[in-house]
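Coordinates in review
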Amino acid sequence: MRAVFRAALAALLIVVAGSLATAEPAPQADPAAASRTLRVATRVIPPLVIEDNGKLTGFSIELWNGIAERLKLATTLVTMPDVKSLLEAVRTGESDLAISAISITADREREFDFSLPMLDAGLQILVRGSDGGGTANPLEGILRLLLSPTLLVWLAIAAVLVIVPAHVIWFIERGHPEGIIPGKAYIPGIFHAIWWATSTLATQAEQMPRHWLARILAVLWMFVGVIFVAYYTAQLTASLTVQEIRGAISGPADLPGKKVATTRGSTAAAFVRKEKAQVIEFAQISDAYAALAAGTADAVVFDAPVLQHYAAHDGKGKVRVVGPVFRKEDYGIAFKPGNQLRREINAALLTMKEDGSYQALHDKWFKGD
Ligand code: GLU
C-alpha cells in the first residue's frame, strides 16, 4: 500500500514538475515579454532604411529604435531582398515583425496585422533631367529644330515666295523715277527687289512701290506674307511642342507604353502593370535609378518619400520628380495576425508622435525634400 502511495506521489510530482516546466515558457510565447530578442525584418530603401558601413539607419530604423527603447525590447534586424520576402518572413514566423517602406494595402491587410500608419507615402514619378523645365537642354531643342527637314521645306517655300514677286516688282517698278528700284539694270535692281520682297513676306516692309500695278501686287503680297508667317509660326510651335512632349512623362496618364523601372513585388510594380506600361523590376531601388540614368527606363514609379529624397540628394541635377502623388498609401509595421505586441507598439508610436520625437525624426530625414 505504501509502495503504491509512493508511486502515486512520484507520478504526481512528475506531472506537476512537467506542467511547471511547460508553463515556464508561456510568458515568453508572448513576445511582449522583454526576455527574448525580437527578430525584425527590414530592407534597404533610402531614406527609410539606409545601409552605412554595414550599419542600418534611416527613418524607419530610428523610428523602430525609438519604439523598442520605449518598450524595452531587444531586437535583431534581418535584411531581406524584397518586399515579398519581408512579408513572407512575417508569415512564416521567421521574423516577429517587418518594418521598412511597407505600404498598407487591402490585400496585405487580409493576411497581416498592421500598425497604425507610420508615414504617409503614395506613388509618384521620377524622370531624367534637372528642375529647370521641359527638355534637359533647351538649346539642344532649338538646334534640332533648326537642322530639321521641316525648316528646310519652309526655307524653300520662302525662297519661292521671295524670288517670284521680287522679279515681278523689279519688272514693273524699275522704270519708275521715284520707285523702289534704282535704275533699269537687273543688277543691282533685283537685289533691291529681293530685299523688298523678303521684308514684305515677313510683313515688315518699310517702302512701297510707286507704280499702281506694283502697289496692288504689294498689297496682295502683304496678305500672302501674313498667311505665310501665321502658318510658319503655327508649324514651328507645333514641332517644338511635339519635341517637348514626345517621350516626356509628366503624370500617370503618360505611362502607358513607356518603360518604367521600380522594385520587385511593390505596389508601384502592380500599378504600373495595370497602366499598361512596360515594367522593369529590380530588387533594389538604386538599380531602378541606374536604369533611368542609363536610359533603359523612361521613368521610375515608386514611393514619393523615397523618390523625393533621392531627387533632393544623390540624384540632384540628374533627376526630378514630376506630377503629384497620384496614389495615396501609408507605411506600416507588419505583424502576423494576432500578435499581442501590436497594441503596445501602436501606443509607443503614438507617444512618439505626441512627445515630438516623431516630428524630430521626420524633420531629420525628410526636411527639404
Ligand atoms: N511601398 C512599397 C510596397 O510596400 C515598397 C516596396 C519595396 O520595398 O520595394 O510595395
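Because the structure is predicted, anything quoted here is derived from the model rather than measured.

Scoring rules and cut-offs
Residues numbered from 1 in each chain as written. Predicted model: local features only at pLDDT ≥ 70, side-chain atom pairs only at ≥ 80, totals over all residues. Heavy atoms only, no water. Pairing = 2+ DSSP bridges. Helix = DSSP H or I, 4+ residues; strand = E, 2+ residues; numbered from the N terminus. Axes fitted to C-alpha atoms, helices over the stretch in contact; angles between N-to-C directions. Contact = heavy atoms within 4.5 Å. Phe/Tyr/Trp six-rings, centres within 6.5 Å; stacked < 30°, edge-to-face > 60°. Buried < 20%, exposed > 50% of the residue type's maximum accessible area, 1.4 Å probe, protein only. Near = heavy atom within 4 Å. Polar contact = N/O pair within 3.5 Å; in protein donor to acceptor, adjacent residues only side chain to side chain. Areas by Shrake-Rupley, 256 points an atom, 1.4 Å probe, with all protein chains shown as cover. 1 Å grid on protein atoms, 1.4 Å probe; cavity = no way out; pocket = protein on both sides within 12 Å on 5 of 7 lines; lining within 4 Å. Sits in = over half its atoms within 2 Å of the grid points. Nonpolar A, V, L, I, M, F, W, Y, C, P; charged D, E, K, R; others polar. Salt bridge = Lys/Arg side-chain N within 4 Å of Asp/Glu carboxyl O. Points joined across faces, edges and corners; volume = space filled by probe spheres on them. Arc of directions from axis to C-beta.

Re the sheet that holds strand 8 (residues 123–128)
Pairing is mixed in the open sheet, where 5 strands are placed in the order 10-9-11-8-12. Looking at strand neighbours, the two that pair on one side only are strand 10 (278–282) and strand 12 (319–327), the edges of this open sheet. Taking the axes of each pair of neighbouring strands and ignoring which way they run, one obtains an average angle of 30 degrees across the sheet. Here helix 10 (residues 267–274) sits on the sheet in contact with strand 8, strand 9 (259–263), strand 10, strand 11 (299–303) and strand 12, set at roughly 165 degrees to strand 10.

Details of the packing of aromatic side chains
Note on aromatic pairs: each is described by the distance of the centres and the angle between the planes. A full pass over the atoms with the stated rule returns 8 aromatic pairs. For the pair phenylalanine 59 and tyrosine 358, a centre-to-centre distance of 5.7 Å together with 85 degrees between the ring planes defines the contact as edge-to-face. Here the residue phenylalanine 59 occupies a position in helix 3 (residues 59–71), and tyrosine 358 occupies one in helix 14 (residues 357–366), the gap between them amounting to 299 residues. Per residue, the accessibility class of phenylalanine 59 equals that of tyrosine 358, and both read buried. Three or more aromatic residues joined by ring pairs form one cluster here, namely Phe59, Tyr358 and Phe366.

Notes on helix 12 (residues 304–312)
In terms of residue burial, helix 12 counts as a mostly covered element, since 7 of its 9 residues are buried. Inspection of helix 12 places Ala304, Pro305, Val306, Leu307, His309, Tyr310 and Ala311 among the buried residues, and these make up the whole buried set.

What about unusual backbone geometry?
Residues proline 46 and proline 47 are joined by a peptide bond in cis, for which omega reads 0 degrees. Mapped onto the secondary structure, proline 47 falls in the loop between strand 1 (38–42) and strand 2 (50–52). Residues isoleucine 187 and proline 188 are joined by a peptide bond in cis, for which omega reads 10 degrees. Relative to the assigned elements, proline 188 resides in helix 8 (residues 186–201). Even without a glycine there, the phi angle at asparagine 53 is positive, about 50 degrees. With respect to the helices, strands and loops of the structure, asparagine 53 is situated in the loop between strand 2 and strand 3 (55–57).

Some thoughts on the site of the ligand
Close to the ligand lie 13 residues, the nearest being Arg43, Ala101, Ser103, Thr263 and Asp303. At 2.8 Å, a backbone N or O of threonine 267 approaches an oxygen atom of the ligand. At 2.5 Å from a nitrogen atom of the ligand is found a side-chain nitrogen or oxygen belonging to aspartate 303. Relative to its unbound accessible area of 290 Å², the ligand is 100% covered by the protein chains. Among the cavities detected, the one that contains the ligand is the largest cavity. Tallied by class, the residues present in the shell around the ligand amount to 6 nonpolar, 4 polar and 3 charged.

Some details on the side chain of asparagine 346
Note on placement: asparagine 346 falls in helix 13 (residues 341–354). Not counting chain neighbours up to four residues away, the residues in contact with asparagine 346 comprise Ser115 and Leu116.

Some thoughts on the pairing of strand 11
Burial of strand 11 is extensive: 5 of the 5 residues sit out of reach of the surface. Pairing of strand 8 with strand 11, which is carried by 4 bridges, proceeds in the antiparallel orientation. Across the sheet, leucine 123 pairs through a bridge with aspartate 303, a residue of strand 11. Sheet topology note: the strand 9/strand 11 ladder contains 2 bridges and is parallel. Residue pairing in the sheet places alanine 261 in a bridge with valine 300 of strand 11.

Some words on the pattern of salt bridges
A complete count under the given rule lists 11 salt bridges for this structure. With a shortest N-O distance of 2.8 Å, aspartate 82 and arginine 264 are connected by a salt bridge. Taken together, the residues span a long stretch of sequence, with aspartate 82 in the loop between strand 4 (75–79) and helix 4 (83–92) and arginine 264 in the loop between strand 9 and helix 10 at a distance of 182 residues. Its relative accessible area of 9% is what places aspartate 82 among the buried residues. Note that glutamate 281 and arginine 273 form a salt bridge whose closest N and O atoms lie 2.3 Å from each other. Classification of glutamate 281 as partly exposed rests on a relative accessible area of 31%. Taken together, the shared-partner salt bridges connect Glu88, Arg91 and Glu111 into one network.

Comments concerning empty space enclosed by the protein
This model, assessed by the stated rule, comprises 2 cavities of 30 Å³ or more. Around the largest cavity sit 14 residues that line it, and Val83, Ala101, Ser266, Phe302 and Asp303 are the ones nearest its centre. Only helix 4 and strand 11 provide two or more residues apiece to the lining of the largest cavity. Residue composition of the lining of the largest cavity, by class: 6 nonpolar, 5 polar and 3 charged. Roughly 60 Å³ of volume is contained in the second largest cavity. Ranked by residues supplied to the lining of the second largest cavity, first place goes to helix 9 (residues 212–245) with 4 residues. When its residues are assigned to classes, the lining of the second largest cavity shows 5 nonpolar, 4 polar and no charged.

Focus: helix 11 (residues 285–294)
Listed in full, the buried residues belonging to helix 11 are Ile285, Ala288, Tyr289, Ala291 and Leu292. The arc that holds the buried residues of helix 11, viewed along the axis, is 160 degrees, so those residues lie on one side. The exposed set on the far side of helix 11, more than 90 degrees from its buried face, consists of Ala293 and Ala294. Against the buried residues of helix 11 lie strand 8, strand 9, strand 10, strand 11, helix 12 and strand 12. Phi turns positive, to about 85 degrees, at glycine 295, one or two residues after helix 11.

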